[in-house]
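Coordinate inspection notes
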Amino acid sequence: VKGHAHLLQKDMIGIVGARNASANGLNFARTIAHALGQAGLVTVSGLAKGIDAAAHGASIDSGTVAVIAGGIDTIYPPENAKLCEAII
């Protein structure tokens, strides 16, 4: 575990979706992740591009957990490395 381990004790909601999401899909993911974060839920997703990244980005302030399939030392996709650092 890297980052804010205390978030693992809170109520969570998973948000996942298409990697090649539409602009409307990305906007909806951001909107719902932000609203759920404001309601006290921690967003959980896989740090993939598309919906996952949008949900993580919108819920950094309220709390988000990235479950990384390749392990915490292998950030994939590499373009989400900065997002991963912001989450940590």
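First, a word on what this report is: a plain description of the structure on this page.

Cut-offs and rules
Residues numbered from 1 in each chain as written. Predicted model: local features only at pLDDT ≥ 70, side-chain atom pairs only at ≥ 80, totals over all residues. Heavy atoms only, no water. Helix = DSSP H or I, 4+ residues; strand = E, 2+ residues; numbered from the N terminus. Buried < 20%, exposed > 50% of the residue type's maximum accessible area, 1.4 Å probe, protein only. Contact = heavy atoms within 4.5 Å. Expected span 1.5 Å × (residues − 1). Core = buried A, V, L, I, M, F, W, Y, C linked by side-chain atoms within 4.5 Å. 1 Å grid on protein atoms, 1.4 Å probe; cavity = no way out; pocket = protein on both sides within 12 Å on 5 of 7 lines; lining within 4 Å. Points joined across faces, edges and corners; volume = space filled by probe spheres on them. Nonpolar A, V, L, I, M, F, W, Y, C, P; charged D, E, K, R; others polar.

1. Side note on the side chain of Ser-59
- Looking at the secondary structure, you find Ser-59 in the loop between helix H2 (51-58) and strand E3 (64-66).
- By relative accessible area, Ser-59 is classed as buried at 0%.
- Dropping the residues within four chain positions of it, Ser-59 is found in contact with Ala-33, Thr-43 and Thr-64.

2. So, H2
- Across the eight residues of H2, six count as buried, placing the element largely inside the fold.
- Buried within H2 are the following residues: Ile-51, Asp-52, Ala-53, Ala-54, Ala-55 and His-56.
- In this structure, the buried residues of H2 make contact with helix H1 (23-38), strand E2 (42-45), E3 and helix H3 (81-87).

3. Digging into H1
- Compared with the 22 Å implied by 1.5 Å per residue over 16 residues, the 23 Å span of H1 between its first and last C-alpha is a close match.
- Residues of H1 that are buried sit in contact with E2 and H2.

4. Quick look at the nonpolar core
- Ranked by size, the top nonpolar core spans seven residues in total: Ile-15, Leu-26, Ala-29, Ala-33, Ile-51, Ala-54 and Ala-55.
- Those elements giving two or more residues to this core turn out to be H1 and H2.
- The residues contacting Ala-55, other than those within four sequence positions of it, are Ile-15, Ala-29, Ala-33 and Thr-43.
- In this structure, Leu-47, Ala-53, Cys-84 and Ile-87 belong to the second largest nonpolar core, which totals six residues.

5. Some points on the layout of surface pockets
- Here the largest pocket is characterised by a volume of approximately 280 Å³.
- Lining of the largest pocket is provided by 16 residues; of these, Val-1, Lys-2, Gly-3, Val-65 and Ala-66 occupy positions nearest its centre.
- Residue assignment for the lining of the largest pocket shows that the elements contributing at least two residues are E3 and H3.
- Among the elements that make up the lining of the largest pocket, the one with the highest residue count is E3 (three residues).
- Per-class residue counts for the lining of the largest pocket are twelve nonpolar, three polar and one charged.

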